[in-house]
Amino acid sequence: MLELLADTLDDLHAITVHFPIALLVVSAGASVALRIKSSVHLQHTSWLLLWIGTLGAIIASVTGLISHFPYEETELHGVIEVHQLWSFAVTAFFIVLTGWRWFSRRRGADAGTTPLYLVVILVGMVGLVLSGMTGGDLVYDYGINVRGVNPLLGR
Ligand code: HEM
């Protein structure tokens, strides 16, 4: 039971990272669609997914920090830092974007319908891809947090 709990704690980052990635990508997709066809539903969808996705990025950053602690004093710390920097940057980026949109919505003029917003969220997508790619490298290139072995390879 304790082992299961410890394993789940180790896996929390891998479990939570999918939420910000999926939600923010679909939010950006809704924003692109909004430029093609004006729709209140798309506008609400892109807003809802933006703030929930941003919340997901904050949660992923916390679980990521937990995940990286066992490697803090190892030589892998350097490669983890690259991912950490991209991820913190992208999380801060989406917090600011959510704040900007929240204020604009309160003033009754949703910034999410403007061409500038579209450009900004697409820049955010580049950061999100870099965060996800550098995170994937940690697992698939460096085997960080991998506990199993591949029986087909015998190692
Ligand atoms: C927006 C925030 C973040 C996103 C979207 C993200 C994304 C990812 C992804 C996609 C993976 C590969 C998971 C897999 O294939 O199983 C990963 C792994 C990893 N990330 Fe992050 N990450 C974020 C924040 C952080 C932060 C702040 C740290 C702190 C150093 C961190 C540390 C790690 C570590 C150590 C791994 C490899 C082991 C594991 O999956 O637990 N991440 N990340």
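Refer to the preceding data block for the structure.
Starting from 1, residues in each chain are numbered consecutively following that chain's sequence as written. With pLDDT at 70 or above as the cut-off, local features in this predicted model cover only qualifying residues; side-chain atom pairs require 80 or more to be listed or tallied, and sums for whole chains, interfaces and linings still use all residues.

A few words now on the overall build of the protein chain. A count of helical and extended segments in the protein chain gives 5 helices and 0 strands. Every helix listed is a DSSP run of H or I at least four residues long, and every strand listed is a run of E at least two residues long, numbered separately from the N terminus. Counting from the amino terminus, the protein chain carries its helices and strands in the arrangement α-α-α-α-α. Each principal axis of the C-alpha atoms in the protein chain carries an extent, and together these give about 55 × 30 × 30 Å. Contact criterion: two residues are in contact if their C-beta atoms, reconstructed from the backbone, are within 7 Å. A separation threshold of at least 6 residues defines the contact pool for the protein chain, and within that pool the share at least 24 residues apart is 74%.

What makes a residue near a molecule or strand is its C-beta atom, placed from the backbone, lying within 6 Å of it. By nearness alone, 27 residues border the ligand, and G64, S67, S87, G135 and N145 come closest of all. Where the shell around the ligand is concerned, the elements lending two or more residues are α1 (2–16), α2 (18–36), α3 (40–68), α4 (77–106) and α5 (115–140). Across the shell around the ligand, the residue classes break down as 13 nonpolar, 14 polar and no charged. Just so you know the grouping, Ala, Val, Leu, Ile, Met, Phe, Trp, Tyr, Cys and Pro go in nonpolar, Asp, Glu, Lys and Arg go in charged, and all remaining residues, Gly too, go in polar.

The next subject is the packing of α4 against α5. Helix axes are fitted to C-alpha atoms over the stretch in contact, other axes to C-alpha atoms as well, and angles between N-to-C directions run from 0 to 180 degrees. Direction vectors running N to C along α4 and α5 enclose 155 degrees, while the axes themselves pass 9 Å from each other. Between α4 and α5, the crossing angle belongs to the class labelled roughly antiparallel. Crossing hand, α4 versus α5: left-handed. Facing α4, whose interface residues are V79, I80, V82, H83, W86, S87, A89, V90, F93, F94 and L97, α5 presents V120, I121, G124, G127, L128, L130, S131, T134, G135 and L138. Angles below 35 degrees are treated as roughly parallel, those above 145 as roughly antiparallel, those between 65 and 115 as roughly perpendicular, and all remaining angles as oblique. Rotating anticlockwise by less than a right angle from the far helix to the near helix defines a left-handed crossing, while the corresponding clockwise rotation defines a right-handed one.

Looking now at the nonpolar core. L24 and F94 are the most contacted members of the largest nonpolar core, which totals 17 residues. Non-local contacts of F94, meaning those with residues more than four positions away in its chain, are made with L24, G53, T54, A57 and G124. Put simply, a nonpolar core is buried Ala, Val, Leu, Ile, Met, Phe, Trp, Tyr and Cys residues tied into one set by C-beta atoms within 7 Å. A residue is called partly exposed when the number of other C-beta atoms within 10 Å of its own lies between 12 and 20, exposed at 12 or fewer, and buried at 20 or more, with C-beta atoms placed from the backbone.

Quick look at the environment of I121 now. Examined against the element boundaries, I121 turns out to sit in helix α5. In contact with I121, other than residues within four places in its own chain, are A28, S31 and L97.

Moving on to α5. To estimate how far a helix should reach, multiply one less than its number of residues by 1.5 Å. The end-to-end C-alpha distance of α5, which contains 26 residues, comes to 37 Å, matching closely the 38 Å that a straight helix rising 1.5 Å per residue would cover. Where α5 is buried, its residues touch α2 and α4.

Moving on, we get to unusual backbone geometry. At N145, a residue that is not glycine, the phi angle is positive and equals roughly 70 degrees. Within the secondary structure, N145 sits in the segment after α5.

With that out of the way, let us pick up α1. Helix length check: α1, at 15 residues, gives a terminal C-alpha distance of 21 Å against a target of 21 Å (1.5 Å per residue), a fit within 8%. The axis of α1 is deflected most strongly, by about 40 degrees, at D10. Here the bend at a residue is taken as the angle between two axes, fitted respectively to the seven residues that end there and the seven that start there.

Moving on: the packing of α2 against α5. Taken N-terminus to C-terminus, the directions of α2 and α5 make an angle of 155 degrees; their axes are 10 Å apart at the nearest point. By the angle between their directions, the pair α2 and α5 is classed as roughly antiparallel. The interaxial crossing formed by α2 with α5 has left-handed handedness. For the pair α2 and α5, the contacting residues are I21, L24, V25, A28, S31, V32 and R35 in the first and Y117, L118, I121, L122, M125, L128 and G132 in the second. Each residue belonging to the contact of α2 with α5 can be placed in one class, and the counts come to 11 nonpolar, 2 polar and 1 charged.

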